Amino acid sequence: MPLAPLSLSLTAYAKAVARRHPGLFRRLGEYDHTLFILDPTDLPFVICLDPNGGRPRVSVVRRNAEGDARIAGPLAALLGLVHGAFDGDALFFSRDLVVEGDTAAALALRNAVDDAELDLSQEMSRISGPLAGAVNHVLAIVERNTGVCLARSEDSEAW
């Protein structure tokens, strides 16, 4: 699968999230130009997130990316962290989640994401315009069939 279209799509998505949640990137403080490597270990690629001072850029590359901070774990765990479905400390201490490099930057990202209370499915629906209903339906089916948390639960606890 070519990764350039995925990189462009994720950059557009990240920019839309940044417009709706400007505090997310402000909360990173001194880490707002840190290169984060998000490594879903069950996928053949990594996601490089450059917050770029609130104008995020995302690139998807096939493994071995260098960055300031790397957060690795199964995709379900990474998405569950975003939605508050999983406890990050428990995942870290059980070694289901690995943090390498600048751990202070990784913690700043965790705190910023937690504070923003993101719902990635809801964000995707918002940018889908008239296709929002269909997107919601597909996302619900994917979540139900995979068990991967794609939306923030009303009773999500903070990680």
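Residues numbered from 1 in each chain as written. Predicted model: local features only at pLDDT ≥ 70, side-chain atom pairs only at ≥ 80, totals over all residues. Heavy atoms only, no water.

Participant: Would you mind going over the pairing of strand 3 (residues 57-61) with me for this structure?
Facilitator: A regular strand places its side chains on the two faces of the sheet in alternate fashion. On strand 3, burial follows the alternation: Val58 and Val60 on one face are buried, whereas Arg57, Ser59 and Val61 on the facing-out side are not. Bridge count between strand 2 (residues 46-50) and strand 3: 5 bridges; the pairing is antiparallel. In the strand pairing of strand 3, Ile47 is matched with Val60. Where strand 2 hands over to strand 3, the hairpin turn is made up of 6 residues, of which Asn52 adopts a positive phi near 50°. (Buried < 20%, exposed > 50% of the residue type's maximum accessible area, 1.4 Å probe, protein only. Helix = DSSP H or I, 4+ residues; strand = E, 2+ residues; numbered from the N terminus. Pairing = 2+ DSSP bridges.)

Participant: I would appreciate a short explanation of the nonpolar core in the present structure.
Facilitator: If you look at soluble globular proteins, the nonpolar side chains tend to sit buried side by side. Core analysis: the largest hydrophobic core is formed by 37 residues, its most contacted members being Leu24, Leu28, Phe36 and Leu118. Where this core is concerned, the elements lending two or more residues are helix 1 (4-20), helix 2 (22-26), strand 2, strand 3, strand 4 (69-73), helix 3 (75-82), helix 5 (103-116) and helix 7 (132-146). When sequence neighbours within four positions are dropped, the list of residues in contact with Leu118 reads Val17, His21, Leu24, Val82, His83, Val113 and Arg152. (Core = buried A, V, L, I, M, F, W, Y, C linked by side-chain atoms within 4.5 Å. Contact = heavy atoms within 4.5 Å.)

Participant: Please clarify how the environment of Arg152 should be interpreted in this entry.
Facilitator: Structurally, the position occupied by Arg152 is in the segment after helix 7. Here the alpha-carbon distance between Arg152 and Val82, two residues 70 residues apart in the chain, equals 8.1 Å. Every residue in contact with Arg152, bar those within four places of it in the chain, is listed here: Val82, His83, Gly84, Glu117, Leu118 and Asp119.

Participant: Mind showing me how you'd approach the side chain of Thr34 here?
Facilitator: Within the secondary structure, Thr34 is located in the loop between helix 2 and strand 1 (36-40). Residue Thr34 is classed as buried on the basis of its relative accessible area of 7%.

Participant: Teacher, can you tell me more about the sheet that holds strand 4 here?
Facilitator: Sheet strands pair via backbone hydrogen bonds, and the direction of the pair is either parallel or antiparallel. The sheet built from 5 strands is open, its strands ordered 3-2-1-4-5 with mixed pairing. Single-partner strands in this sheet number two, and they are strand 3 and strand 5 (98-101). Each strand of the sheet is rotated relative to its neighbour by a mean of 20°, with strand direction disregarded. Here 3 bridges tie strand 1 to strand 2, and the two strands are oriented antiparallel to one another. Within the sheet, the bridge partner assigned to Ile37 lies in strand 2 and is Cys48. (Axes fitted to C-alpha atoms, helices over the stretch in contact; angles between N-to-C directions.)

Purely geometric numbers; function is a separate question.
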